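A closer look at the structure
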Amino acid sequence: MSTLTDPPKEQFQLSMLVNDTRYRSLTFQAIAALVLALAIWYLGNNLIQNLRAAGLNISYNFLGDPSGYDINQRLVEYDSQSSHARAALVGVLNTLLVSVLACITATIFGVIAGVLRLSNNWLVSKLMAVYVEIFRNIPVLIWIIIIFTIMTAVMPGPREFRGDNATSSMVLDLFAFTNRGVYIPMPWFETGLFASATMNWLLVIATLVGSFFVMRKVENNATKTQEETGIRPNTKWIALGVWLVPLVLLLFLMGLSWEVPALKGFNFSGGIKIGGPLIALWFALSIYTGAFIAENVRAGIQAINKGQTEAAAALGLRPGRIMNLVVLPQALRVIIPPLISNFLNITKNSSLAIAVGYADITATLGGITLNQTGRAIECVLLLMLFYLTASLTISMVMNVYNASVKLKER
Amino acid sequence: MSDTHAQTVAFVRETEIPPAPPPGRETGVYKWMRENLFSSIPNSVLTIVALALIYSLLSGTLPWLLNGVWNTSSLQECREVLDGQVGACFSVLTERWNQLLYGFKYPVEEYWRPNLALLLLLIALAPVLFFDLPRKLLAFTAVYPFIAFWLIWGGSILVPIVALLGFVAAGVVFQKYGKGSFAVGFFGGILAAIVVWNVGGFLIPEGASENAMLAAVPSRDLGGFMLNMMLGVTCVSLSVPLGIALALGRQSSMPLIKWICVVFIEFVRGVPLITLLFVASVMLSYFFPPDATVDLFLRVVIMITLFSSAYIAEVIRGGLAALPKGQYEAADSLGLDYPQAMRLIILPQALKISIPGIVNVAVGLFKDTTLVSVISMFDLLGMIRGPILASTEWNGVYWELLGFAAFLFFVVCYGISQYSQWLERRLATDHR
């Protein structure tokens, strides 16, 4: 019986760095590290020389200086004496505002178009196919400009609402569509419980959140009863009461009233003004991305095996319930990952605001601030940092959701 | 037995009845409409709403389109011709046709050069797009970039020839040494190309472009739809090889190379193209040597190429991941080394899977070339928004111009996507 011995240990030789696959990867990585270091050194050296030649340095002190420009569309207090950092904050909020709005409406458009494209009505499905093809194949920048042109060149000026024989009139006496923007009524509280309007609104939101939790409790109870007795109690009227009664009571207590926009002097005043650029960007991003989402929704629904629908029908479910209980929950798994990347695209495409003068982060920090201070490197780096953070956050949040709806196998 | 039958039945038909036509409501248009348009009440409502929508769209646009004016020289003149009627002033397209296509600075007498370049582009693309064509045509595809460069920018013919010679030298070295070791052939090829370019740079005499056969055109004079086409074609063709390299790098087992690729791809995919274009227009020049003047076109090409290569890398990574692991193992068990396995086994299959995705990225990239108008380059959209709409003659002709731009992009992008669907059917070799 022979004894097993370890094979003779090979002595490490320098040539093994090239010829032995076990060590060759080390060589390659060393070369890559060297090349990377050289490239960084080369670019950094060029940067330092160029900056020295131009008499510049890298500094973020300019963010504290007064910006000296005005922003029309803003969510927080801001005037031309505010700092560049404040202007950037206004831009960040505007970017988030238009992205969130566009994500919501794009999803609505996309789901409607995607479902209608699968309709067995020939005309409707062809119409939706035309919508999808037209909007997918034309650059979003062109759509933004087209809608912006409608907002500025086709809409009537405030002047045309004036006089006895005015050529334009307000819709339902509540909404005014002008070339300076759309004016809608603004709700406010006559006898708010708090002095500040923000607190009053927070109270309303808190009430809604409370209703949501009460409703969830009611639904859970209903499910429990169903599991015990097999009959689900009707919660429709309870739901209506839980949602409406506290809300209506609160609004009545605080004296909700509407400030309707009215023509004063040369322009409308009162109400909420939604600027033309915001509408152009919002609507263009929604219909453009909606076309992409429609295709995802269609693919998701078509990916569900026809046997699933047939099995559900064989169980005696009605078409609406088949869609809600069988097809959609499965289709969502297919739809959601591309939906995430479409939301990311909306956020990134919202940077096209600069083309229509909507004051998002690209237009404030990357546009006016950059041009006024000449701090190109700092501004562009901050801009990239913001978008990178936003993108990574969205994909992280959506990935968590994606994991929660994932098919759970074994 | 047979005669009992005759007693119980009064009449037995012995000939076949000729087939009767189906009832009227089960045939033709009537049946089709009932099944496809009015199968239920909600469906009928949808149909009527859709018809109303189509009617309002057509009644709004058709008179405007059909009553268009094609041969006036200003908006005012056009309005006089229309005389209060609804109609489009398409004369802006005919009058500014050259500006829309070539920009406003490209010399008029040289328009044949981009036209010829476009024609040759179609010829060069043909063997790439359609596999049935003879493979020898690919030789022309390889030479095409240098011809196109010379045609569009003009100047000394020596520049593209030296550039071409560099690639030829690299190819020859790779052919000679690449058989033994891929790395030696690859890096040797790069070295050979650099040597040829440097030597060639010395040989090109100063001022060779002054009295060249084709007058030199600086790249800031490029514009119009030509600029969109050039950016699209150049960046897509440059970013495919770069994307393959990045995708392979991301799959690599070497942690350093993998992380370089991951960081690059995730960074580029996380920021909008417009910030990268800002980098190209205001920041990139800081990173070049102080005495180098790299023109804006080249800087934009660099940034768009980096941008789309990250997206293409992700598409190809999907293709690589879709291959069964057995393919990698089979390649290993045949004794192929990494470059051979990739070139002969893995990439041909992975690329086939990723073609639709790559075409999607290409269409998206082509649409995104309109973004260069934001950094004041005069592409088709830049021409429309800048010089044409700002001119006194055509101030206010929005719909004709924007509609024309939308139409051009639609034709190209829709064409590409139809090609991609055809190719997908063509390449479907699995039997389903």
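Residues numbered from 1 in each chain as written. Chains lettered and ligands numbered in written order. Predicted model: local features only at pLDDT ≥ 70, side-chain atom pairs only at ≥ 80, totals over all residues. Heavy atoms only, no water.

Along its length, chain B carries 18 helices and zero strands. Taking 432 residues into account, the globule formula puts the C-alpha radius of gyration at 22 Å, and chain B, at 30 Å, lies well above it. If one aligns the C-alpha atoms of chain B with their principal axes, the spans along those axes are about 115 × 80 × 40 Å. Across the 432 residues of chain B, 39% fall into the buried class. For chain B, the share of sequence-separated contacts (at least 6 apart) that also reach a separation of at least 24 residues comes to 68%. Of the accessible surface of chain B, which amounts to about 24,000 Å², a share of 67% is contributed by carbon and sulfur atoms. Looking at chain B, you have 26 positive and 28 negative side-chain charges, and the mean spots of the two groups are 8 Å apart. (Helix = DSSP H or I, 4+ residues; strand = E, 2+ residues; numbered from the N terminus. Rg over C-alpha atoms; globule rule 2.2 N^0.38 Å. Buried < 20%, exposed > 50% of the residue type's maximum accessible area, 1.4 Å probe, protein only. Contact = heavy atoms within 4.5 Å. Areas by Shrake-Rupley, 256 points an atom, 1.4 Å probe, with all protein chains shown as cover. Lys, Arg positive; Asp, Glu negative; His and termini not counted. Charge placed at Lys NZ, Arg CZ, Asp CG, Glu CD.)

This paragraph deals with the overall build of chain A. A count of helices and strands for chain A gives twelve helices and seven strands. Relative to a compact globule of 410 residues, whose C-alpha radius of gyration would be 22 Å, chain A shows 30 Å and is clearly more extended. Considering chain A as a whole, with its 410 residues, one finds that 40% of them fall into the buried category. Accessible surface for chain A amounts to roughly 23,500 Å². Of this, 65% is attributable to carbon and sulfur atoms.

Turning to the domain arrangement of chain A, a few remarks are in order. Residues and elements named next belong to chain A. Along its sequence, chain A is organised into domain 1 (84–185 + 260–405) and domain 2 (186–259). Here the C-alpha centroids of domain 1 and domain 2 sit 28 Å apart. With seven residues of domain 1 at the contact, the number on the domain 2 side is four residues. Interface of domain 1 and domain 2: buried area, both sides summed, is about 370 Å²; carbon and sulfur atoms make up 60% of it. At the boundary of domain 1 and domain 2, one finds zero salt bridges. (Domains from an automatic or database assignment. Buried area = accessible area lost by both parts, 1.4 Å probe. Salt bridge = Lys/Arg side-chain N within 4 Å of Asp/Glu carboxyl O.)

Within the largest apolar cluster, 163 residues are counted, with the highest numbers of intra-cluster contacts made by Leu222, Phe297, Val300 and Leu380 of chain B. Residues within four places of Phe297 of chain B in sequence aside, it is in contact with Trp153, Ser219, Leu222, Leu227, Met230, Leu231 and Met377 of chain B. (Core = buried A, V, L, I, M, F, W, Y, C linked by side-chain atoms within 4.5 Å.)

Residue and element names in this part refer to chain B. Between helix H14 (residues 296–322) and helix H16 (residues 338–368), the shortest axis-to-axis distance is 8 Å and the interhelical angle comes to 145°. H14 and H16 meet at a crossing whose hand is right-handed. Contacts between H14 and H16 pair Ile304, Phe307, Ser308, Tyr311, Ile312, Val315, Ile316, Gly319, Leu320 and Ala322 from the former with Ile346, Leu347, Ala350, Leu351, Ile353, Ser354, Gly357, Ile358, Val361, Leu365 and Asp368 from the latter. Its residues assigned to classes, the contact of H14 with H16 comprises 16 nonpolar, four polar and one charged. (Axes fitted to C-alpha atoms, helices over the stretch in contact; angles between N-to-C directions. Left-handed = near helix turned anticlockwise from the far one by under 90°. Nonpolar A, V, L, I, M, F, W, Y, C, P; charged D, E, K, R; others polar.)

Attention now moves to the interface of chain A and chain B. Contacts between chain A and chain B engage 55 residues on the former and 53 residues on the latter. For the pair chain A and chain B, the summed buried surface comes to about 4,800 Å²; carbon and sulfur atoms form 77% of the total. Linking chain A with chain B are zero salt bridges, by the criterion used here. At the boundary of chain A and chain B, one finds 15 residue pairs in polar contact (both at pLDDT 80 or more). Every element with two or more residues in the side of chain A that touches chain B is listed here: helix H2 (21–54), helix H4 (122–136), helix H5 (140–154), helix H8 (276–302), helix H11 (361–373) and helix H12 (376–405) of chain A. Here the element with the most residues in the side of chain A that touches chain B is H2 of chain A; it accounts for 13 residues. Looking at the side of chain A that touches chain B residue by residue, the class counts come to 38 nonpolar, 14 polar and three charged. (Polar contact = N/O pair within 3.5 Å; in protein donor to acceptor, adjacent residues only side chain to side chain.)

This brings us to the UniProt feature "transmembrane region" (unreviewed entry) in chain A. Residue and element names in this part refer to chain A. Mapped onto the present numbering, the UniProt feature "transmembrane region" (unreviewed entry) falls on residues 26–44, 87–114, 134–154, 192–216, 237–258, 278–301 and 379–401. Helix makes up 100% of residues 26–44 and strand 0%. Its end C-alpha atoms lie 26 Å apart. Segment residues 87–114 splits into 100% helix and 0% strand. End C-alpha atoms: 39 Å apart. (UniProt positions renumbered as here; feature names shortened; annotations may be inferred.)

All names here are of chain A. According to the stated counting rule, one finds 14 salt bridges over all chains in the structure shown. Two residues, Arg117 and Glu295, come together in a salt bridge whose shortest N-O distance is 2.6 Å. Taken as a pair, Arg117 in helix H3 (residues 84–117) and Glu295 in helix H8 lie far apart in primary sequence, 178 residues in all. You can call Arg117 buried: its relative accessible area is 18%. For Glu295, a relative accessible area of 15% gives the class buried.

With that out of the way, let us pick up the sheet that holds strand S2 (residues 181–184) of chain A. Residues and elements named next belong to chain A. As summarised here, the arrangement of the three strands in space is S1-S2-S7, forming an open sheet in which the pairing is antiparallel. In the strand order of this sheet, the two ends are held by strand S1 (176–178) and strand S7 (272–274), each with one partner. Averaged over all pairs of adjacent strands, the angle between strand axes in this sheet comes to 20°, irrespective of strand direction. As defined by bridge partners, S2 adjoins S7 across three bridges and the pair is classed as antiparallel. Residue Val182 lies in a different strand from S7, and its bridge partner there is Ile274. (Pairing = 2+ DSSP bridges.)

Let's shift gears to the state of the cysteines. Residue and element names in this part refer to chain B. Here the structure, examined in full by the defined rule, presents one disulfide over all chains. What pairs with Cys78 in a disulfide is Cys89, and their sulfur atoms sit 1.9 Å apart. Here Cys78 and Cys89 share a disulfide; its torsion about the S-S bond, -90°, makes the bridge left-handed. Taken together, the residues Cys78 in helix H4 (residues 75–82) and Cys89 in the loop between H4 and helix H5 (91–95) connect sequence positions eleven residues apart. (Disulfide = S-S within 2.5 Å.)

Glancing now at the environment of Leu129 of chain B. Residue and element names in this part refer to chain B. As for its placement among the helices and strands, Leu129 is situated in helix H7 (residues 112–129). Leu129 gets classed as partly exposed once you look at its relative accessible area, which sits at 27%. Along the primary structure Leu129 and Leu423 are separated by 294 residues, whereas in three dimensions their C-alpha atoms are 8.6 Å apart.

Before going further, it helps to spend a moment on the pairing of strand S3 (residues 186–189) of chain A. Residue and element names in this part refer to chain A. Of the two faces of S3, only the one carrying Pro187 and Phe189 is buried; Met186 and Trp188 on the other face are not. Where S3 lies against strand S4 (residues 256–259), four bridges are found, and the strand directions are antiparallel. Directly across from Met186, in S4, lies its bridge partner Glu259.

What follows covers H2 of chain A. Each turn of an α-helix holds 3.6 residues, which means side chains three or four residues apart point in the same direction. Given a rise of 1.5 Å per residue, 34 residues ought to cover 50 Å, and the 49 Å separating the end C-alpha atoms of H2 of chain A matches this to within 8%. In this structure, the buried side of H2 of chain A is in contact with H12 of chain A together with helix H12 (255–270) of chain B. Immediately beyond the C-terminal end of H2 of chain A, within one or two residues, lies Gly55 of chain A, with a positive phi of roughly 70°. (Expected span 1.5 Å × (residues − 1).)

Relative to the assigned elements, Ser211 of chain A resides in helix H6 (residues 197–229). Beyond its immediate chain neighbours, meaning those up to four positions away, Ser211 of chain A contacts Val242, Trp243 and Pro246 of chain A.

Another point: the packing of aromatic side chains. Scanning the entire structure with this criterion turns up 27 aromatic pairs over all chains. Aromatic pair Trp70 of chain B and Phe90 of chain B: ring centres 4.7 Å apart, planes at 25°, arrangement stacked. With Trp70 of chain B in the loop between helix H3 (41–66) and H4 and Phe90 of chain B in the loop between H4 and H5, this pair connects stretches of sequence that are 20 residues apart. What makes Trp70 of chain B partly exposed here is its relative accessible area of 46%. Here a set of aromatic residues connected by ring pairs shows up, and it is made of Tyr131, Phe135 and Trp143 of chain A. It is Arg269 of chain B that lies over the ring of Tyr311 of chain B; its NZ or CZ is 5.7 Å from the centre. (Phe/Tyr/Trp six-rings, centres within 6.5 Å; stacked < 30°, edge-to-face > 60°. Lys NZ or Arg CZ within 6 Å of the ring centre and 35° of its normal.)

Moving on to unusual backbone geometry. All names here are of chain B. We note that Ser376 has phi near 50°; this positive angle belongs to a residue other than glycine. Looking at where Ser376 falls in the secondary structure, it is placed in the loop between H16 and helix H17 (380–390). Take Ser376: its relative accessible area is 54%, and that puts it in the exposed class.

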